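Per-entry structural report
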Amino acid sequence: MRACLLFLCGLLWSATVATAQTSPASATTTASAMAPKRQLTALRITQPIKIDGALDEAAWQEAPVATKFIQEKPNPGLPEKLPTEVRVLYDDAALYIGAVLHDVSPDSIMQELSQRDNLENTDFFGVFIDTYHDRLNGYGFLITPGGVQLDSRYSPAGGEDFGWNAVWESRTSLRGTDWIAEIRIPYSAIRFSKAPEQLWGLNFMRQRKRDNQRFFWNEVRPAVDGFVNQWGDLTGVRDIKPPLRLSLTPYVSAYVNHYPYHQQGVRNTDMSFNGGADIKYGINESFTLDATLVPDFGQTQSDNVVLNLSPFEVQYNENRTFFTEGTELFNKGGLFYSRRVGAQPMGFYNAEGQLRKGERLVSNPGVSRLINATKVSGRTSKGLGIGVFNAVSKEMFATVRDSLSGDERQVITQPLSNYNIVVLDQSLKNNSYVSLINTNVTRAGQVYDANVTGGLFRIANKKNSYAVDGQVVYSRRRGQAFASEAPIDNKNGYKYLVGVAKIAGNFTWRLSQSITSNTYDPNDLGLLFSNNAITQVADFSYNKYKPFWKVNNMYTYWGVSQSLLYKPTRYQDLSVYGGGNTTFTKSFITVGFNVDASPATHDFYEPRVEPLGRYFVRKPANVGANAFISSDYRKKIAYDVSAAIRGYAHDGSRHGRDGYGLSFSPRYRVSNQLTFRYNFDWQMQRNQIGFAGGLNGDEPLDRFFYDRGDIMLGRRRVVTVTNTLSGSYTFNNRMSLTIRTRHYVSTVHYRDFTRLLDDGKEESIDYRRNRDTSFNAFNVDAVYAWWFAPGSQVSIVWKNAGSSSLIADEATPQYFRNLNNTVNTPHNNSLSIKVLYYIDYLMLKPKRG
């Protein structure tokens with residue numbers, strides 16, 4: 001460990017010396033310099049503005065004009081040839097933005113329709129606002145010629161987050177060769193201070209999809225680190241007061257579920273009705289409370305379920321709106337994995353082990369039911385961001401029934417649980433910050449509680465060209481494991497990370513080291529695949545942002561990473577990697593590649609044995625490469641193709657180990673309203689060595705090896721095929737219908753088995769139990785959505801889901817036999833309707849007149 005620290009210090013010293021010797025007038029420094037800040041003055045109005053996309057009120061002609069936009073892609077720095085004119089008005093209730101976007105003809109204005117927060121083959125206009133002028137955090141409001149709205153939040157933690165939604169008004173219209181956007185952003189949609197005179201960060205953006213060009217009013221230079229820090233200023237906004245931000249969104253929903261149990265006493269069809277509400281309340285001008293009472297997440301998109309052969313859990317996307325909206329503060333430091341809240345009960349798999357003789361499971365809910373969830377977040381005028389998150393899930397039980405008497409009893413699978421997060425995030429000068437995060441999970445009864453506290457920082461120099469960042473996290477657990485009287489054995493743990501980087505210019509680099517202790521565990525409310533590691537990384541990249549030769553740009557990267565086991569300190573792996581991509585100027589075809597090479601590595605996690613260090617699985621030296629090509633999405637037919645290959649060195653008597661992958665994804669745009677997409681993904685790994693599963697002492701073929709306490713590995717072929725077909729029809733900018741069908745199959749065939757010994761050695765064994773597996777998953781998600789009023793929606797969802805896991809002689813590697821099995825496996829069908837209605841207090845409040 002001392003050697004690793006000395007090595008990192010040496011790299012940091014070399015980087016510091018190199019930085020000190022760099023001339024301030026170098027080409028790199030010039031390329032990464034910030035563009036001058038433009039200013040625009042907003043005009044106060046006293047007469048109402050009608051949001052109709054016409055801009056025919058006199059005030060629009062009196063307001064100062066923002067124009068002379070500057071190209072950001074594909075040729076940074078060039079002035080726009082087709083002018084954009086933007087004006088800003090305001091009154092006591094809202095900010096108004098009017099934009100005239102000149103073009104050469106109506107046919108040049110691309111306007112494919114899509115769902116809210118989705119961009120397809122279309123032009124768009126966007127306005128960006130940094131209400132606290134901290135150069136770190138901001139809002140984005142985008143509108144397409146077809147009237148589709150997109151809104152987003154910008155922050156160092158979340159980057160560009162389109163999961164945030166606000167209620168605002170917009171209209172667009174075509175006028176000759178131009179298109180017009182008119183936007184009203186109520187003050188209730190944003191947060192700002194009570195200062196008598198406001199100074200806000202401001203930028204405007206335009207995309208001309210026909211030429212794949214993007215322009216900004218205040219120049220955004222790709223070689224400069226950050227986005228919000230490259231905005232201009234909005235002045236002239238005076239004597240406005242943050243309004244009372246109070247809204248209620250009640251919902252009602254109804255479900256019909258059908259599953260063919262075909263069991264006596266068990267109904268195949270059941271119905272349920274739900275009701276609840278989301279509440280938003282502006283505590284003051286800076287902070288907002290968001291709460292969901294008795295939430296219903298039954299209409300969220302189905303997870304992409306996979307066969308998991310790794311020692312780590314599968315990370316799924318978060319599709320629940322409450323946990324994707326306005327969570328940028330809670331995502332600082334990567335300590336919050338929202339899928340933990342309302343996740344599978346802790347004792348889900350333990351329920352079957354608690355059955356008595358003659359009993360069977362009748363029901364075992366796979367998801368914990370939330371009682372409520374609450375967020376309080378905001379940022380003061382001094383740049384201090386504060387976030388508090390709390391959620392409560394109810395006790396969960398499995399129901400078991402005696403086969404003879406019919407008596408039923410309940411077995412607890414999840415205690416009443418409270419989840420809590422507190423975040424303090426102070427914005428600093430030069431795109432810098434310092435943050436403190438605490439996550440806490442408290443459970444009723446003797447089940448253990450968990451607490452994680454972390455601090456992180458990023459400090460950049462005045463020119464925003466170099467930065468130092470770091471993170472220190474401490475985890476603490478106290479109590480007993482679920483359904484056990486034994487105390488948990490990882491009570492305290494820690495993690496730290498420190499890095500230094502050149503963050504601006506064509507050439508950038510970053511050096512970092514991290515240590516994660518063997519007892520560090522944030523997984524009660526976070527997600528960490530593996531701990532017990534010391535890792536050093538050196539990353540470099542060289543990018544060209546301006547067109548040259550026959551391409552628009554070039555992005556390249558290369559680096560080296562090395563990892564040791566923390567306790568005991570032992571070698572794990574070393575990897576050298578690199579890659580790049582570019583887009584051709586005329587065809588707009590994007591191509592890229594990635595390569596990596598590693599010497600023999602030691603996988604201490606694959607044996608599934610604690611403590612780590614004694615056993616590991618050898619992975620021989622290997623080289624991998626993949627390449628992709630992506631066509632021009634402006635055309636009716638477009639595609640993405642990628643291919644991958646990995647080869648391994650001989651490992652003793654073993655040879656022929658390799659891996660292949662192929663992905664093909666065409667799309668067909670029938671019209672501006674109808675689009676189809678298909679994705680085919682195929683992966684094969686030959687002669688892969690991995691953990692073959694646990695041994696069962698009650699299985700005769702396992703008994704001998706079980707009694708010896710063997711760790712069994714298998715040489716196997718794994719083939720995975722995924723087919724996904726989706727189609728969407730967008731009636732207008734408020735109504736859409738989407739259908740997505742996915743079939744996944746993964747087959748595993750074992751060739752032979754070995755017993756794992758100390759230090760990665762293996763001993764052949766005569767093991768004859770068939771461990772082959774075929775796993776199938778099938779899903780259909782059909783969603784009709786209608787935004788019938790601002791913030792109000794009707795959604796009708798049909799879901800069809802089925803899965804099967806075939807083992808031993810039943811397993812088959814043949815794709816069409818697996819498909820046939822999937823079709824004939826019992827499926828769950830769910831049809832639901834949900835109505836939510838947005839009620840804003842300001843709309844109900846009587847107007848003084």
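Conventions we followed
- Residues numbered from 1 in each chain as written.
- Predicted model: local features only at pLDDT ≥ 70, side-chain atom pairs only at ≥ 80, totals over all residues.
- Heavy atoms only, no water.
- Helix = DSSP H or I, 4+ residues; strand = E, 2+ residues; numbered from the N terminus.
- Rg over C-alpha atoms; globule rule 2.2 N^0.38 Å.
- Buried < 20%, exposed > 50% of the residue type's maximum accessible area, 1.4 Å probe, protein only.
- Pairing = 2+ DSSP bridges.
- Axes fitted to C-alpha atoms, helices over the stretch in contact; angles between N-to-C directions.
- Core = buried A, V, L, I, M, F, W, Y, C linked by side-chain atoms within 4.5 Å.
- Contact = heavy atoms within 4.5 Å.
- Phe/Tyr/Trp six-rings, centres within 6.5 Å; stacked < 30°, edge-to-face > 60°.
- Lys NZ or Arg CZ within 6 Å of the ring centre and 35° of its normal.

Here we come to the overall build of the protein chain. Helices and strands together make up the secondary structure of the protein chain, namely six helices and 45 strands. Here the C-alpha atoms of the protein chain give a radius of gyration of 29 Å, agreeing with the 29 Å that 2.2 N^0.38 yields for 849 residues. Projected onto its principal axes, the C-alpha coordinates of the protein chain cover approximately 90 × 70 × 50 Å. Counting across all 849 residues of the protein chain, residues that qualify as buried make up 48%.

Strand pairs in the sheet, formed through backbone hydrogen bonds, run parallel or antiparallel to each other. As summarised here, the arrangement of the three strands in space is β18-β21-β22, forming an open sheet in which the pairing is antiparallel. In this open sheet, the two strands that pair with only one neighbour each are β18 (359-363) and β22 (408-414). Strand-to-strand twist in this sheet, taken as the mean axis angle between neighbours without regard to direction, amounts to 35°. Where strand β21 (residues 396-402) meets β22, six bridges bridge the pair, whose relative direction is antiparallel. Residue Ala-398 lies in a different strand from β22, and its bridge partner there is Val-411.

Taken in spatial order, the five strands make up an open sheet running β2-β4-β5-β11-β10, and their pairing is mixed. For this open sheet the edge positions go to β2 (43-44) and β10 (169-175), each flanked by a neighbour on one side alone. Pairing of strand β5 (residues 94-101) with strand β11 (residues 178-186) involves eight bridges; the strand directions are antiparallel. If you follow Gly-98 over to β11, its bridge partner there is Glu-182.

All right, on to unusual backbone geometry then. Of the consecutive residues Lys-567 and Pro-568, the connecting peptide bond is found in the cis state with omega at -5°. In this structure, Lys-68 is a non-glycine residue whose phi angle is positive, near 55°. When you line up the elements, Lys-68 lands in the loop between α3 (58-62) and β3 (70-73). Although it is not a glycine, Asn-464 sits at a positive phi angle of roughly 55°. Turning to its location among the elements, Asn-464 is positioned in the loop between β25 (449-460) and β26 (466-478). Take Asn-464: its relative accessible area is 5%, and that puts it in the buried class.

Judged by nonpolar contacts, the single largest core of 37 residues is most densely connected at Ile-97, Phe-125, Phe-141 and Phe-204. Looking at this core, the elements that each hand over two or more residues are β4 (84-90), β5, β6 (124-130), β7 (138-143), β11, β12 (197-208) and β14 (232-238). Those residues in contact with Phe-204 that sit more than four places away from it in its chain are Leu-40, Ala-66, Phe-69, Val-86, Val-88, Ile-97, Phe-125, Gly-126, Val-127, Phe-215, Phe-216 and Trp-217.

Per the stated rule, a full pass over the model turns up 40 aromatic pairs. Taken together, a centroid distance of 5.4 Å and an interplanar angle of 85° make the contact between Phe-128 and Phe-227 edge-to-face. One end of the pair, Phe-128, is in strand β6; the other, Phe-227, is in the loop between β13 (213-216) and β14, and 99 residues separate them in sequence. Overall, the relative accessible area of 23% leaves Phe-227 in the partly exposed class. Considering the side-chain rings of Phe-141 and Trp-164, the 5.9 Å spacing of their centres and the 70° angle between planes classify their relative orientation as edge-to-face. In this pair, Phe-141 is assigned in strand β7 and Trp-164 in the loop between β9 (159-161) and β10, connecting sequence segments 23 residues apart. The residues Phe-141 and Trp-164 share a single accessibility class, namely buried. Here Arg-443 stacks its cationic end above the ring of Tyr-448, 4.7 Å away from the centre of that ring. Over the ring of Tyr-648 we find Arg-657; its NZ or CZ atom is 4.4 Å from the centre of that ring.

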